[in-house]
Structure formats: C-alpha cells, structure tokens
Amino acid sequence: MTDSAKTGVLLMSYGTPKSQEDIEAFYTDVRRGRPPSREQLDELVQRYQLIGGTSPLTKKTYQQIEAISSRLDSLSPGKYLVVYGTKHSSPKIEEAVQELADAKVSSLIGMVFAPHYSRFSIGEYLERAQKVAAASEIKCRFIKSFALDGKLLDFLTDQIRSELNKHINQIVLLRKSRTFGDSLSSPDKIMILITAHSLPRHLVTNGDPYIDELNSTAAAIAKKLGLGSESEFVELSLLKDKLVEKGDSEPERERFDLLEDIEISWQIAWQSAGKTDQEWLGPDILTVIKDLSEREITDVIICPAGFMADHLEVLYDIDIDGQKLAKNLGVALSRTESVNDNLMVMNSLAEKIHELAADFDSN
Ligand code: FEC
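Predicted, not measured: the structure shown is a model, and the values here were computed from it.

Notes on the coordination of the iron atom of the ligand
Just one protein atom donates to the iron atom of the ligand; it is Tyr14 (OH), sitting 2.5 Å from the metal. Relative to the assigned elements, Tyr14 resides in the loop between strand S1 (7-13) and helix H1 (23-30).

Listed below in structure tokens is the structure:
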C-alpha cells in the first residue's frame, strides 16, 4: 500500500522537556509564550529533579504508540500511518500533521492520550491538528473522549481493588497489634479520590463538559465497585462480591465477613492547579487530604483517572507532594498505577480508531 492510500493516525500527548536545559522553553510554551520568572523556573526545575531530572512521559507515550500501532497493524495490515505530536514540546502537533500531509494521506484519525474532553484541553489539540490538516485538504475525525471506555474502567477498577486490599490488610494488622481489651472507638474509613487535572474555573463554565466527564468516569467506577453515591460511606462486608479479585479463593471471600467496622467511600477531586490568581477547579487533593484527616479518615487511595501515564503531575504532585502532607497528618495514602501501555486499554483504543476509520471507508 502506498502512503497516499493509507489512513493517518495522529496520536497526541502533552509533551515534556527533553532535558533540564529544555525546561525553560517548555514552560514558556505552556505559558503561551510568556517566559516564567526566575523563581517559577527554579521551582519547576526542582520538581523535575525530585522525580529524577526529567519526566518518563515521552518514553511511556512511545510505548503506548507502539502498542496501538501493533494492534492497528493486526486489524488491517499496512492500512495505517501512525504519527506522534505534542502540545508543548517536539515534535509538535503541527509537525506530525505535516508528516501525514507530506506522505499525501487524505484522511486522519486523531486522539489525545487523555480521557476527558474540555474545549480548553483536548479541544485545543484538535483545533491545531484540524488547522494544518485543512491546509492540505486532509479529512479529520477525532476521538474526543474515552471517559467511559470499558477497558479503561476495568483497568482503573482493578487497580483500586488491589489498593483497597493493601489498605484492608494494613488495617487488620493494626487492629491485631492493638492491646488486648482496647476496643474500636469508631469504624476505619477508606476514601477513594478519583482525580483529574484542574483547570481555571472560568474555562469550564458555559457548557464545557470537563467536570461531567470526570464525574461520569468516577460514577462508573463506583458502580463497578458496588459503592454508593459520592461521599456516602458503605460497609465493606456488603461489598465482598465486587471487591474480591478474579480468582480469589473462598477463604479470601470469607475474610471480608470478618472485617467489621470498615467503611469505604469515594469522591472526585482536582489536582495540579497552576499557581495563578485565578480560581481553579476544586477541591484540590491537598485540601481534601487535610479535610479527611480532620474527619479522622486515615486511609486514602488516589486514582488519577484523568491521566494515562507516569509523569510529573502524578510522580510529583501525588507521590511526593501529596505523600508528604499525608505522612505529616498520619494519613495512609496510596496511588493506583498508571495505565501506561496496558495492553487491554491500548487494544481498546486501537479498536476505537479502527472503527472510526471504517467510517471514512464507507463514506
Ligand atoms: O511530565 C511532564 O513533563 C509533563 C506533565 C504534564 C501533563 C499535563 C497535563 C495537563 N495539563 C493541563 C492544564 C494545564 C494548565 C496549566 C498547566 C501548566 C503545567 C506546567 C507543567 C505541566 N502543566 Fe499541565 N501538564 C503537565 C505539566 N497545565 C510543568 C507548568 C507549571 C505548573 O503550572 O505546574 C497552566 C498554564 C498557564 O500557566 O497558563 C491550565 C491539563 C492536562 C491534562 C490533559 C493533557 O494531558 O493535555 C488539562 C501530563
């Protein structure tokens, strides 16, 4: 198949500085061309240093692209030309679309590695791609959101289940270590926080779906876990059929009957807000951790459902910043693993791309 007969697939992500020297240019781009102050830059450089110097985002994104390309090739060998473009580093979205234009493809399917649509976040990627594509008369279709992708929800739910089991085991150990005769004063409570990147509040008013998108992911996960409505605590023993992992033995199921006075709830929270004067979507995860600690909820699981890979906002904002606060407050905080190149999820996304491409073929 010549390149011109292929369907272009444009996969996009936020991008990240390639080196420490690259941080200033990246930050300036994120700030739409306004260079950061010396203090702002130093603070960001320090955050990257604390996660190892640079972010693993590029490596993780290439692994995701590899998995999606491989599934696309098995669905229709030779049909797709897959390119990669970033919002804020290189290659940029525009360069990636130009690559497709140079190969003379006439149609493209685009997708951003982020599940929740907002005009301000995903919308901007798509607009930029559309503009370059239009100049070369490339027809575009986009996967704007995959907030309710079945395999993504399965993955996130399994991750939460696995973290819950760790917290439950820890609670049991602590209970065993209590001096004989000490009675439980109140139930142990575990809160699951389902999070996404905050945005300035004024950008997500007037019908922008971003908040609803995260709410829909969170509510679907809560339903799969058998939890109640947001912030409602449910007795663990009522959830055993939903919480035991596939393949768990009968004794494992029975273990749940012995765990009295453990309650579980969930809520959404926002993270990684910029340090600007504007009001950002909240509550922020740090505020929530503090509030939960004041309410004597000592176990918190964060599921950063708005992100698809390990990067600064997960490795610093949750694993370092969130963890530091939690430790100071005596809160046991853990985080679910990122999707990264999980095969089930990548295959599902590839299948969505393939289905959308079939539309081009039939029209
Ligand atoms: O690992 C890395 O190197 C990059 C991690 C990274 C991801 C990411 C995703 C999103 N952002 C979103 C919105 C904003 C808004 C501003 C903003 C600023 C930053 C800064 C860094 C950064 N973001 Fe980001 N974001 C990542 C990294 N982001 C670094 C600059 C320092 C800071 O403010 O912390 C504010 C811009 C301004 O100042 O004008 C708004 C949204 C996402 C999720 C969707 C997506 O992935 O595109 C929304 C990953």
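Once the structure has been displayed, the description carries forward.
Some points on the sheet that holds strand S4 (residues 139-143)
Strands sit in the order S2-S1-S3-S4 across an open sheet of 4 strands; the sheet is parallel. Sheet topology places strand S2 (80-86) and S4 at the edges, where each strand pairs with a single neighbour. This sheet shows a mean twist of 25° between the axes of neighbouring strands, independent of strand direction. The pairing of strand S3 (residues 107-112) with S4 spans 5 bridges and is parallel.

Considering the environment of Pro36
The topology assignment puts Pro36 in the loop between H1 and helix H2 (38-50). The exposure class assigned to Pro36 is buried, which follows from its relative accessible area of 10%. Spatially, the C-alpha atoms of Pro36 and Ala25 are 9.4 Å apart, while their sequence positions differ by 11 residues.

Some points on empty space enclosed by the protein
For the structure on display, the rule yields 1 cavity of 30 Å³ or more. In this structure, the largest cavity encloses a volume near 40 Å³. Lining the largest cavity are Leu156, Pro304, Phe307, Thr336, Glu337, Ser338 and Val339. Split by residue class, the lining of the largest cavity holds 4 nonpolar, 2 polar and 1 charged.

Looking at the packing of helix H6 (residues 150-177) against helix H13 (residues 343-362)
Pairs of packed helices are described in terms of their axes, by the angle between the two and the distance that separates them. It is at 8 Å that the axes of H6 and H13 come closest, and there the two elements cross at 165°. When the interaxial angle is binned, H6 and H13 end up roughly antiparallel. Remark: the crossing between H6 and H13 carries left-handed chirality. For the pair H6 and H13, contact is made by Lys151, Leu152 and Phe155 and by Met344, Val345 and Ser348, respectively.

Considerations on unusual backbone geometry
Across the junction of Ser90 and Pro91, the peptide omega takes the value 0°, indicating a cis bond. Cis geometry is adopted by the peptide bond preceding Pro283, which originates at Gly282 and carries an omega value of 10°. Topologically, Pro283 is positioned in the loop between strand S7 (262-271) and helix H10 (285-294). Although it is not a glycine, Ser231 sits at a positive phi angle of roughly 75°. Along the polypeptide, Ser231 turns up in the loop between helix H7 (210-225) and strand S6 (234-235). Given the relative accessible area of 40%, Ser231 is considered partly exposed. For Glu296, which is not glycine, the phi dihedral falls at a positive 60°. For Glu296, the location among the structural elements is in the loop between H10 and strand S8 (299-303).

Details of the packing of aromatic side chains
Following the criterion strictly, the structure yields 3 aromatic pairs and no others. Pairing Tyr210 with Trp270 gives two aromatic rings, centres 5.5 Å apart and planes at 40°, and the pair type is tilted. Of the two residues, Tyr210 sits in helix H7 while Trp270 sits in strand S7, which places them 60 residues apart along the sequence. Of the two residues, Tyr210 and Trp270, both sit in the buried class. Sitting over the ring of Phe360, Arg141 keeps its end group 4.6 Å from the ring centre. It is Lys144 that lies over the ring of Tyr117; its NZ or CZ is 4.8 Å from the centre.

Rules behind the numbers
Residues numbered from 1 in each chain as written. Predicted model: local features only at pLDDT ≥ 70, side-chain atom pairs only at ≥ 80, totals over all residues. Heavy atoms only, no water. Donors = N, O, S within 2.8 Å, 3.2 Å for Na, K, Ca; no water. Helix = DSSP H or I, 4+ residues; strand = E, 2+ residues; numbered from the N terminus. Pairing = 2+ DSSP bridges. Axes fitted to C-alpha atoms, helices over the stretch in contact; angles between N-to-C directions. Buried < 20%, exposed > 50% of the residue type's maximum accessible area, 1.4 Å probe, protein only. 1 Å grid on protein atoms, 1.4 Å probe; cavity = no way out; pocket = protein on both sides within 12 Å on 5 of 7 lines; lining within 4 Å. Points joined across faces, edges and corners; volume = space filled by probe spheres on them. Nonpolar A, V, L, I, M, F, W, Y, C, P; charged D, E, K, R; others polar. Parallel < 35°, antiparallel > 145°, perpendicular 65-115°, else oblique. Left-handed = near helix turned anticlockwise from the far one by under 90°. Contact = heavy atoms within 4.5 Å. Phe/Tyr/Trp six-rings, centres within 6.5 Å; stacked < 30°, edge-to-face > 60°. Lys NZ or Arg CZ within 6 Å of the ring centre and 35° of its normal.

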